[in-house]
Every structure is written in C-alpha cells, then in structure tokens.
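Breakdown of the fold
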Amino acid sequence: MHKPTHIQGVAIEALAKEFGTPLYLYDGGKIVNQIQALQTAFATIPVRIKYAAKALSSLSVLSLIRKAGAELDAVSLEEVKLGLLAGSKASEIMYTPSGVSFEEIQEAVQIGAMINLDSLPLLERFGQTYGNSVPVCIRINPHILAGGNMKISVGHKESKFGISIEHLPQILELAQQYQIPIVGLHLHTGSDILDAEVFLKGGKVLFKAAMHFPNLQFLDFGGGFKVAYSPEDSATDIAELGRIVSGAFQEFCKKFGRKLELWIEPGKFLVSEAGYLVVKATVVKETPSIHFVGVDSGMNHLIRPMMYDAYHEIYNLSNLDGATSSYTVVGYICETDTLASQRQLHTVKEGDFLVIQNAGAYGYTMSSNYNARLRPAEVLVWEGKAYLIRKREQFEDLIRNQEIIQW
Ligand SMILES: *Cc1c(COP(=O)(O)O)cnc(C)c1O
C-alpha cells in the first residue's frame, strides 16, 4: 500500500507539527475521485449517490461531497440537520432510521426528507397520519447474508433492520388500505461486500417485489462497497459492479415498463482511504515477548480495531527506510486498545509520527471522550491547501454541559 508523506503536495509532517497530534487528516481529492468513479461506473442509468453520512459527518466533508454531486443518507435527525447545514436540500436527503419513535418520523417529514420506513407498525402510523399525501420508501430485509462479518451484516433473517420480505403481503395491504404512495424500495445488507453478485442477489429480491408497486420512482441498493485495508486485501471492483448492476437494472426497468432511478448509499467507499489518523509515539517499550509502541491516541479515536477486529495499515512517517522490526502499536486508554499487532515498522523512536491509514470512515464519527480524553482536530486538504475543519477539543468541551454539585 502506498505510504504517503504528502497529501496534494502538502507534507503530512508539517501538518502534524502545525496542528498537533493526534490529528485526523482527509484528502478531499480522494473523496471526490471515489464519487466520480461511481458516477462513471453507473453512467448508463439514472443513478443517485446517497452518501451514508454516518461514516464521516463533519460539515466541510458533507459540503465537499455535495459539491461533487452526491446526496445524503441520514440515519438520525441530527445527521439530517448536519446535511442541511452543509447545504443539502431536504429533498435530497434520505432518512433511514432504525427503530425510532413516530415523532422523529414526523419531524423528518416536516423537514421534507424522503422517509425510509423499517417496520410495519411505523408504516401503519404513517398511513393513518398522512394517507396518500406523503411519498415514502420501504426498507426491505431480503434475508440474505452479506458483508465482511456478522457485526456488519444487516440483511439476514435475524437482523433488526428492515421489514421482512416475507411480510410483503402486509406491506401491500397497508399501502392499499391507506393509499400510501410507496415510491421507493430499499435494502442495505451490510458492509465490506466484495462481489457484484451479492448486490445482485439483494437486487433480485427488490426487482421481484417492485412489480407490486405501481408508484415506484427508485430502487435503493444501499451501500457496503468494500475497500482494501491491507496490501493483500481486495476492494469491490466498482467498474464491474456498475456494469453488472446497471445491466440488470436496465433489464428490470424494461420488465417494469418504466424507467426508474437507482440509488446507492456508499459510506466507507467514499471516505475510508481519504482519511489518515496521525499519532505520535509517546513510549517505546520492550517486554520479554513484545515490542510495544504507545501512541497519543487509542480506541477513543479509532475504535474499529477493537470493535470489528479491523486491520489498519500503519507506517512510521518519521523513518521511512532502514531497519524494520515487529511492533505492536497500542493506545493510551486504560483498556486493551491495540491499534496494530505485530507489524513490521521502520525503527520507531519516541516522538516519531505514525500514520494509521483508512481512518476516514467510522473513525471520527465513532470517537468518544472515554478516559476523559479529548477528540482530535480534523484537517481537510483540498486543492493543495490544508483547512482546519474542526478544532481539537479543549478541556472546557468536557465540562460544558455538567453541573458541579459539591455535596
Ligand atoms: C451504514 C449504512 C450505509 C453505508 O455502509 P458502508 O459500509 O459504509 O458503505 C448505507 N446505507 C445505510 C442504510 C447504512 O446504515
């Protein structure tokens, strides 16, 4: 894997010195390239890219993604509001919550987002409240197993997400009873899906169900496109995916008798590789069995290694050649928070900058204040210029909402 020292000509080391560590760094050019790759792959059909904001929802990232022609998929009202602040129109936002109260749905309707419903009780409330006046999308659970591991597979039978495809008759009954304009069918079956065939498997479930919905305007195939996390790892071949899925979609539209839009919801695919977490080695210590490098960050800033056993490539930015040895890179949190285990790194000295790759997706957005640590700053590089898009947290941020009662 490429180990960059610069992003669009800007030295990473200079940024680490200027803004301090730990630091989340984003390459805006890479994000835009990923969007363009999808636009090209699906160029033969009307496609809408609904970026899954939960992967990285910093306002300046959302606004860059919008500028590049992608719209939004939001899973909370707060994400909807971030999208609006970043310049999205409400009508461009798909709202795909899971298990929320009807009050949240009503607020999202008021805002004007497209609502994606994932239970029969909500669909019934929706029908009772809005009748035929508000178009809606239905999240289908197709009962297929897809995705890299069980924690990130969400379209199987035991998953909480969506309305079971086996409940299609009940969906149709409610739609008929309340004259609900169902304009979209959606599925999202998991993350780290490699093959076009798996998308197509879900797609076929939607194609078949779609024949029962005369008001349809779009089918939404969700996200989950895989990116490579290590040199041996593979990524979804987006050009091939586009070709295969577009072909099948065109065929379906012929059968359906009308041209529909295809929506997709990439999260990780747009932002993962664009993000770097730059940390500083604070301690190098040898135990009888392991050579540890402790850094000024941890699972509070990047939880994926501990939460998903995720592999993140890491390199020593301060020492790019010469002797290597096997290191285990650990965080400063009082928990086992291994960021990288037994990796060959060029000799690490105290004070060296290490760069953790693929940190753009589910990095900052899953960060916390655990151990009362502060979140890093975020810097985005765009057209050769570095922008501080979020300040490092200060101690004041930790105590802002607290009331100190001295008992
Ligand atoms: C998380 C999510 C996505 C994006 O998943 P990635 O694996 O990041 O591509 C898309 N759609 C929905 C509904 C999601 O919840």
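The rules behind each value
- Residues numbered from 1 in each chain as written.
- Predicted model: local features only at pLDDT ≥ 70, side-chain atom pairs only at ≥ 80, totals over all residues.
- Heavy atoms only, no water.
- Helix = DSSP H or I, 4+ residues; strand = E, 2+ residues; numbered from the N terminus.
- Rg over C-alpha atoms; globule rule 2.2 N^0.38 Å.
- Buried < 20%, exposed > 50% of the residue type's maximum accessible area, 1.4 Å probe, protein only.
- Contact = heavy atoms within 4.5 Å.
- Areas by Shrake-Rupley, 256 points an atom, 1.4 Å probe, with all protein chains shown as cover.
- Lys, Arg positive; Asp, Glu negative; His and termini not counted.
- Charge placed at Lys NZ, Arg CZ, Asp CG, Glu CD.
- 1 Å grid on protein atoms, 1.4 Å probe; cavity = no way out; pocket = protein on both sides within 12 Å on 5 of 7 lines; lining within 4 Å.
- Points joined across faces, edges and corners; volume = space filled by probe spheres on them.
- Nonpolar A, V, L, I, M, F, W, Y, C, P; charged D, E, K, R; others polar.
- Domains from an automatic or database assignment.
- Axes fitted to C-alpha atoms, helices over the stretch in contact; angles between N-to-C directions.
- Parallel < 35°, antiparallel > 145°, perpendicular 65-115°, else oblique.
- Left-handed = near helix turned anticlockwise from the far one by under 90°.
- Buried area = accessible area lost by both parts, 1.4 Å probe.
- Salt bridge = Lys/Arg side-chain N within 4 Å of Asp/Glu carboxyl O.
- Polar contact = N/O pair within 3.5 Å; in protein donor to acceptor, adjacent residues only side chain to side chain.

A word on the overall build of the chain. Assigned secondary structure in the chain consists of twelve helices and 20 strands. A compact globule built from 407 residues would reach a C-alpha radius of gyration of about 22 Å, and the chain, at 23 Å, matches this within 12%. Overall, the chain is about 70 × 60 × 40 Å in size when its C-alpha atoms are taken along their principal axes. The proportion of buried residues among the 407 residues of the chain is 55%. In the chain, the share of contacts with a sequence separation of at least 24, taken over all contacts with a separation of at least 6, comes to 68%. Summed over all atoms, the accessible surface of the chain reaches about 18000 Å², with 51% contributed by carbon and sulfur. Charge-centre separation for the chain: the mean point of 37 positive side chains lies 3 Å from the mean point of 43 negative side chains.

What follows covers empty space enclosed by the protein. The method is simple in principle: a probe with the dimensions of a water molecule rolls over the atoms, and the space it marks as empty is what remains. Overall, the coordinates contain one cavity of 30 Å³ or more when judged by the stated rule. Here the largest cavity is characterised by a volume of approximately 40 Å³. What lines the largest cavity is simply F42, F199, F221, F225, L241, V245, L262 and I264. Elements supplying a minimum of two residues to the lining of the largest cavity: α9 (238-256) and β12 (261-264). For the lining of the largest cavity, the per-class residue count stands at eight nonpolar, no polar and no charged.

On to the layout of surface pockets. There is about 680 Å³ of room inside the largest pocket. Along its surface, the largest pocket is lined by 30 residues, and K54, V154, F161, H188 and Y362 are the ones closest to its centre. For the lining of the largest pocket, the residue count by class is eleven nonpolar, eleven polar and eight charged. Shared between two domains, the lining of the largest pocket takes at least three residues from each, and those domains are domain 1 (42-271) and domain 2 (274-399).

It is worth spelling out the packing of helix α5 (residues 102-111) against helix α6 (residues 120-130) at this point. At their nearest, the axes of α5 and α6 sit 11 Å apart, and the two run at 50° to each other. Judged by the angle between their axes, α5 and α6 are oblique. α5 and α6 meet at a crossing whose hand is right-handed. Counted together, F102, E103, I105, Q106 and V109 of α5 and L122, R125, F126, T129 and Y130 of α6 form the full contact between these two elements. Among the residues making up the contact of α5 with α6, the classes are represented as six nonpolar, two polar and two charged.

Take the domain arrangement of the chain next. Examined at the domain level, the chain breaks down into domain 1 (42-271) and domain 2 (274-399). Tallying the contact residues gives 19 residues for domain 1 and 20 residues for domain 2. Of the roughly 1700 Å² buried at the junction of domain 1 and domain 2 (both faces included), carbon and sulfur atoms supply 58%. Considering only the side of domain 1, the residues that lose the most area to domain 2 are L64, Y229 and V271, jointly responsible for 32% of the buried surface there. Linking domain 1 with domain 2 are zero salt bridges, by the criterion used here. Our enumeration of links across domain 1 and domain 2 arrives at seven residue pairs in polar contact (both at pLDDT 80 or more). Residue assignment for the side of domain 1 that touches domain 2 shows that the elements contributing at least two residues are α3 (59-67) and α10 (268-271). With four residues, α3 is the single largest residue contributor to the side of domain 1 that touches domain 2. Along the lines of polarity and charge, the residues of the side of domain 1 that touches domain 2 split into ten nonpolar, five polar and four charged.

As a further point, take the pattern of salt bridges. Per the stated rule, a full pass over the model turns up 13 salt bridges. R48 is the salt-bridge partner of E261, the closest N and O atoms lying 2.8 Å from each other. With E261 in strand β12 and R48 in strand β4 (residues 47-52), this pair connects stretches of sequence that are 213 residues apart. Residues E92 and K89 are paired through a salt bridge, measuring 3.9 Å at the closest nitrogen-oxygen approach. According to the relative accessible area criterion, E92 is buried, its value standing at 12%. Where salt bridges share partners, they join R48, K50, E71 and E261 into one cluster.

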